[in-house]
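# Commentary on secondary and tertiary structure
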Amino acid sequence: MIIVKGIAASPGIAIGPAYLVKPDNTVIEKKHIPPTNIGWELRRFEEAVEKSMADLEASQAQVKSLFGSKYAKLIAAHKLILKDPLLISSVKNKIEKEQISAEYALSCAAKEITARFESLKDELFRERKYDLADVAKRLFENLTKKKQNKFSGIKEPSIIIAHNLFPSDTINLKGKNVLGFATDIGGKTSHTALLAQSMQMPAVVGLSDASSQIKDGDLIILDGETGLILINPEPKILKQYKEEQIKIDEAELSLKQISPLPNETSDGHKVSLYINYDPRRDFKAWDAFRSDGLGLLRTEFIYMDRFDPPSEDEQYQIYKKTAHRFDKRPVTIRLADLGGDKITQLGLGRREKESNPFMGCRGIRLFLKYPELLYTQLRAIVRASAEVDASVKIMIPMVSSVEEVREVKAALKQVLKETEDSGIIPRRPIMLGAMIEVPSAALSLDGILPEVDFISIGTNDLIQYLIAVDRGNQEVAELYDPYHPAVLRTINFIIQGCRKKGKPVSVCGEMASDPEMIPFLVGLGVDILSLSPRMFLRIKSTLRGLNFEACADLAQAAMLLTSSEEIKTLREDYSL
Ligand code: PEP
Ligand code: MG
C-alpha cells in the first residue's frame, strides 16, 4: 500500500479503480509559413477564437443550469481571457512578424503569459494560469479541429487520476461514472476544486507526482476529508474506509431528512434558525434548508474590490432579489461593515493607512463620517422593502454608543419621509436593530434598547474586543476563546437585558454555528440563531437533540465559574 498526502479539495470518500488520464504531451513544432499565407493564417486563428467563444457561451449556459450562476462565472472568466488583447494581439503579432503557424504562435504566447502569472505573489492569481492553459487548449483544438475526449474509455465507476484537470474537463465529469478525482497540481482555491465541491464529488489536489505512481485499475481510496490517497490498500484499511464511507452517507442523508421538522429542542422549546448570507453567493442550494429567515446579509461584500461604491440602484436590485427568496420571512440587511479586515478600496478622498484598523474607522463609524454612503444604502433598502413581502430589518454594525444608533434612526426617518413623498412606501414596517459586538455597547444596553426593535450579538467581534485578541492573528489564536467566562457572562447580560424589555435577541457570529456552544446559547434563552449555511443542518440536528431544561441548568451553572477550563469541564460532564 502506498499513501500520498495532498490537499483536501472536496469532502467525501471515494473507493474504486483508478482511471489514468494520460498527460497531453503533444509537442507543437515550430512551423514557418510563407509571407503569402500570413493573411490566411490570421483568419484561421480568428475563426478559432470565434468558435472557442461560441463553445464557451454554450458551456456557460450548461454550467449555469447544472451548478448555478456562481460557477457559470468561471466560464465568464475564460471568456475574458479569450477577449484579452494581450493574448490575441500577441499571437497575431507573432504570426505576422515571425511568420510562424497559428498553433506555434499560440503556444509561445501562452508560455509567456503563464510565466507572468507564475511570478505573481498572490496564490489566487497564480492559480489563474490553469484557466489560461484551459483557454489555450480550447483554441488549439479549434485550430486543429481535433477534440480530445479524455474520459471516453471509462467503463465502470472509477476514480480519475490526472496530472492536471482543467475546469472544462471537470464540468464534463458529471454523470460519467466518476466517483472522485485526484490531481498532481492545483490548490484549494483552484476552479477545479470549487467545481468538485459544487458537484459534491470527493477530490484531492496538489499530490505532486501521484499520477506517476498509479497504474490504470489500481484500487484507490480517495479521502477528500483529509486529503489522502491510498493506493492498493490492505484489506483491513479498506474495510475501515468502507465503514467510514457508510457513516458519512448516513449522516448526510439523515441531515437532509430533518429539513421539514420544527426548530426546537426535544422538549419543545422553540429557537428560530436563520441563515447568514454573503450577497455575492448563489443562494439556490440553501433554499432547501427552510430557514426561518435571513439573519445577516453581509452587504459590505458588495463594496469590495472596487473604487466606486455601489449605486443605489445596484443595491436596490440586490436587496430586492434577496428578499424575494424569503417570501414573507424576515430579511436582516446589515449596513455595510467596512473597515477592520474588510479593507475597502473605495476612493473616499482620505483613507490613510490606519495602524489599528479594528479599532479604527469601521462599520457605522465610517458611514457616519461619509453620510452619503449611509443615505444611499438606506434609500436602496427602503425602495426594496416597498416591493417585497419579506419583513425587512436593518442592522447597525460596530455600535459603540447610543448616539450612533440615534443618528442612524434619524437618517432612516428622513429617508422614509423622502421616499414616502415620492410614493414609495414599505409593505411592512422596517425594523431597526443594533449589533452588540463592542463591550461599551453591551454595557450601554439599557440606553440602546429603547431606541431599537431588536438586538443581534456579533460574537466574532465581541470575543475579539472583550479579550483584546485580534480575531485574525495566528499568534494569539489560542486566546480567542468562546468559553471565556467574560464572554458567556456578557452574552447572558445582553440576553437577560433584552428579555426584560421584550426585545428579540439573536446571535449571528460563528459561535451560533458551533455545536459545542449551542447548549449555552439556548440555555441562556436566545430567541434566534443565525447560522453559516454549511452548518445549518448540523446545528438544527444539535438543537433537536437537546433538552432545554438541562441547557438552562448548564448555562446557570456556567455563570458561577471563573475560568474557561472549568466551563469546558462542566460542558463535558453535563448530560444534555
Ligand atoms: C460578528 O462580529 O460576530 C459578526 C457577525 O460580524 P462580522 O463577522 O461580519 O464582523
Ligand atoms: Mg462583526
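Since the structure is predicted, the reported quantities are computational estimates derived from the model, not experimental observations.

Procedures and definitions
Residues numbered from 1 in each chain as written. Chains lettered and ligands numbered in written order. Predicted model: local features only at pLDDT ≥ 70, side-chain atom pairs only at ≥ 80, totals over all residues. Heavy atoms only, no water. Axes fitted to C-alpha atoms, helices over the stretch in contact; angles between N-to-C directions. Helix = DSSP H or I, 4+ residues; strand = E, 2+ residues; numbered from the N terminus. Parallel < 35°, antiparallel > 145°, perpendicular 65-115°, else oblique. Left-handed = near helix turned anticlockwise from the far one by under 90°. Contact = heavy atoms within 4.5 Å. Nonpolar A, V, L, I, M, F, W, Y, C, P; charged D, E, K, R; others polar. Pairing = 2+ DSSP bridges.

## Some remarks on the packing of helix H10 (residues 312-324) against helix H12 (residues 371-385)
It is the contact of H10 with H12, at a shortest axis distance of 8 Å, that shows an interaxial angle of 40 degrees. By the criterion of interaxial angle, the relationship of H10 to H12 is oblique. The handedness of the crossing between H10 and H12 comes out as right-handed. Contacts between H10 and H12 involve Glu312, Asp313, Gln315, Tyr316, Tyr319 and Lys320 on the former and, on the latter, Thr376, Gln377, Arg379, Ala380, Ile381, Arg383 and Ala384. Classifying every residue of the contact of H10 with H12 gives 5 nonpolar, 3 polar and 5 charged.

## As for the sheet that holds strand S8 (residues 228-231)
Sheets are built from strands paired through backbone hydrogen bonds, the pairs being either parallel or antiparallel. Overall, mixed pairing links the 8 strands, which are arranged S1-S8-S7-S3-S4-S5-S6-S2 in an open sheet. A strand with exactly one partner marks an edge of an open sheet, and here the two such strands are strand S1 (2-5) and strand S2 (7-10). With strand direction ignored, the average angle separating the axes of adjacent strands in the sheet is 30 degrees. Sitting on the sheet, helix H9 (residues 235-257) touches strand S3 (13-21), strand S7 (219-223) and S8, and the angle it makes with S3 is about 115 degrees.

## Topic: the packing of helix H16 (residues 459-467) against helix H17 (residues 485-501)
Interhelical geometry of H16 versus H17 gives an angle of 125 degrees and a closest axis separation of 10 Å. The angle between H16 and H17 places the two elements in the oblique class. For the crossing formed where H16 meets H17, the hand is right-handed. Across from Thr459, Leu462, Ile463, Leu466 and Ile467 in H16, the residues of H17 making contact are Ala486, Val487, Thr490, Ile491 and Ile494. Looking at side-chain class alone, the contact of H16 with H17 contains 8 nonpolar, 2 polar and no charged residues.

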